[in-house]
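Close look at the chain arrangement
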Amino acid sequence: MNQPYDPGRPPPAGPPPYSGRPPMPGPPPQAPPPRAPASQAPSQGPAPAQAKGPAQEQTPEQVLPPKRGLAAFFTGVGYLFRGLGWVARRPGQWLFGLIPALIVLAVYVAALVMLGRNLDGLAGWVTPFADGWSETLRSLVRVIAGIAIFGAAAFLAIITFTAITLMVGDPFYERIAVNVEESQGGAPPEPDESLLVQIGRAIRDALLLGAVALSFAVVFFVCGFLPIIGQTVVPVIAACVSGYFLAGELTSIALERRGVRRKTRFAILRQNRLMAVGFGAATFVVFLIPLGAVLAMPGAVAGGTLLARERLANNPLVTGGDHALPGHH
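Computed from a predicted model, the values in this text were never measured in an experiment.

The rules we used
Residues numbered from 1 in each chain as written. Predicted model: local features only at pLDDT ≥ 70, side-chain atom pairs only at ≥ 80, totals over all residues. Heavy atoms only, no water. Helix = DSSP H or I, 4+ residues; strand = E, 2+ residues; numbered from the N terminus. Buried < 20%, exposed > 50% of the residue type's maximum accessible area, 1.4 Å probe, protein only. Axes fitted to C-alpha atoms, helices over the stretch in contact; angles between N-to-C directions. Parallel < 35°, antiparallel > 145°, perpendicular 65-115°, else oblique. Left-handed = near helix turned anticlockwise from the far one by under 90°. Contact = heavy atoms within 4.5 Å. Expected span 1.5 Å × (residues − 1). Bend = angle between axes of the 7 residues up to and from the residue. 1 Å grid on protein atoms, 1.4 Å probe; cavity = no way out; pocket = protein on both sides within 12 Å on 5 of 7 lines; lining within 4 Å. Points joined across faces, edges and corners; volume = space filled by probe spheres on them. Patch = residues over 30% accessible without salt bridge, like charges linked within 9 Å, V, L, I, M, F, W, Y side chains within 5 Å. Areas by Shrake-Rupley, 256 points an atom, 1.4 Å probe, with all protein chains shown as cover. Salt bridge = Lys/Arg side-chain N within 4 Å of Asp/Glu carboxyl O. Nonpolar A, V, L, I, M, F, W, Y, C, P; charged D, E, K, R; others polar. pLDDT = per-residue confidence, 0-100.

Right, let's get into the overall build of the protein. Helix and strand counts for the protein come out as 11 helices and zero strands. Starting at the N terminus, the α and β elements of the protein follow one another as α-α-α-α-α-α-α-α-α-α-α. Residues classed as buried in the protein amount to 39% of the 329 residues present.

Now the structure itself:
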């Protein structure tokens, strides 16, 4: 029985009433896509293709992390002992490195002996103001002057000894440095420069270093007249200053092979000042021992090469060798 239409009445429950017309054709209903589990993130695109074949071992391209404070200083000292240990295990390399050092030593010893024989006259020449003083005071002042002169000369000799020896014995120490690098995993390729260009740059650097060393020697000579300080504090400062320049010279072979020239080399050393001073000051003290500069020179070159390779160079090429990289932090 039909009922009158009431707009406020809800539609009847159940399927719609048959209207007498067949339903309109259309696409079959599709099920909604399954939802991904909450633990899975949505895909951001196709996965990168995996490289086929065995994985290739990568060569480390970073130097060891920097150190600060006393740790850096003693790390630098340790590189000298590592270099001495390297040549101690290879007596042939040590004897090979003695040849240029002995030649330069003979010249330096002759110069220092001549200076010692004329030390009294030089001490009197630099202290004319003491001529009218009493005998005791005049002798004391001139003894101090003589010590200061000889100390400044020794300081200058030690600084320039390394530079001159490296210049005279460049083929010898270049060979030692390459052997050190090979024992650690590989040496950089030889720079594409003529021998004359390398010798000219070495002479120029040695002359510049000698001029700087001479200026410091004059300063330390004057400071040597200060009572107590001149005989205690000044020698320590002189050892640190000379050690810094020694580090610059002894790391030059490895860094020059990597294309790092003098200005950049010393800029790198300034960033690692305490480590450079530790290595160089320890070398300076060893060089003060009679014949120490000759006997320790090959080991100092080896230590400077290790220091440059592991701490100063941007591309150390460390792949293994006698001392693996992680074992020497």
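Picking up where we left off.
Put simply, helix α2 (residues 91–117) and helix α11 (residues 292–312) touch, their axes get as near as 8 Å, and they point 135 degrees apart. In terms of orientation, α2 lies oblique with respect to α11. Between α2 and α11 lies a crossing of right-handed hand. Facing Gln-93, Trp-94, Gly-97, Leu-98, Ala-101, Leu-102 and Leu-105 of α2, the residues of α11 in contact are Val-294, Leu-295, Met-297 and Pro-298.

Below, the discussion takes up α11. Counted at 1.5 Å a residue, the expected span for α11 with its 21 residues is 30 Å, but the 26 Å between its end C-alpha atoms falls short. At Pro-298, α11 is bent by approximately 40 degrees, the largest bend along its length. Counted residue by residue, α11 has 20 buried out of 21 residues, so it is predominantly covered.

Attention now goes to the layout of surface pockets. As a volume, the largest pocket reaches approximately 640 Å³. For the largest pocket, the lining is made up of 24 residues, of which Asp-170, Glu-174, Gln-198, Ala-202 and Ile-253 are closest to its centre. Elements represented by at least two residues in the lining of the largest pocket include exactly α4 (135–168), α5 (170–183), α6 (195–223) and α8 (252–257).

Take unusual backbone geometry next. Positive phi, normally seen in glycine, also occurs at Ile-228, with a value near 65 degrees. Residue position: Ile-228 is located in the loop between α6 and α7 (229–250). One non-glycine residue, Leu-291, lies in positive phi territory at about 65 degrees. Among the secondary structure elements, Leu-291 is positioned in the loop between α10 (273–288) and α11. Its relative accessible area of 53% is what places Leu-291 among the exposed residues.

Now for a nonpolar patch on the surface. Together, Phe-129, Trp-133, Leu-137 and Leu-140 give the surface a local cluster of nonpolar side chains, amounting to about 390 Å² of exposed area. By secondary structure assignment, the location of Leu-140 is in helix α4. We classify Leu-140 as partly exposed; its relative accessible area is 48%.

Attention shifts here to the packing of α10 against α11. As a packed pair, α10 and α11 sit with axes 9 Å apart at the nearest point and diverge in direction by 170 degrees. As summarised for this structure, α10 and α11 are arranged roughly antiparallel, according to the angle between their axes. Residues Met-275, Phe-279, Thr-283, Val-286 and Phe-287 of α10 form the contact with α11, whose own contacting residues are Gly-292, Ala-293, Ala-296, Met-297, Ala-300, Gly-303, Gly-304, Leu-307 and Arg-311. Residues of the contact of α10 with α11, tallied by class, amount to nine nonpolar, four polar and one charged.

This part is about the confidence of the model for the protein. Overall, the prediction assigns the protein a mean pLDDT of 76, with 74% of residues at 70 or greater. Between the elements of the protein, mean pLDDT differs from a low of 78, seen in α6, to a high of 93, seen in helix α1 (residues 69–88). When the criterion is pLDDT under 50, residues 36–62 qualifies, and its contacts beyond four places in sequence or with other chains add up to 11 contacts. Note that residues 315–329 has pLDDT below 50 and, in this model, 50 contacts with residues that lie over four places away or in other chains.

Within the secondary structure, Thr-162 sits in helix α4. Thr-162 sits in the buried class, given a relative accessible area of 0%. In this structure, Thr-162 is in contact with Leu-246, Glu-249, Leu-250, Phe-287 and Met-297, ignoring residues within four places of it in sequence.

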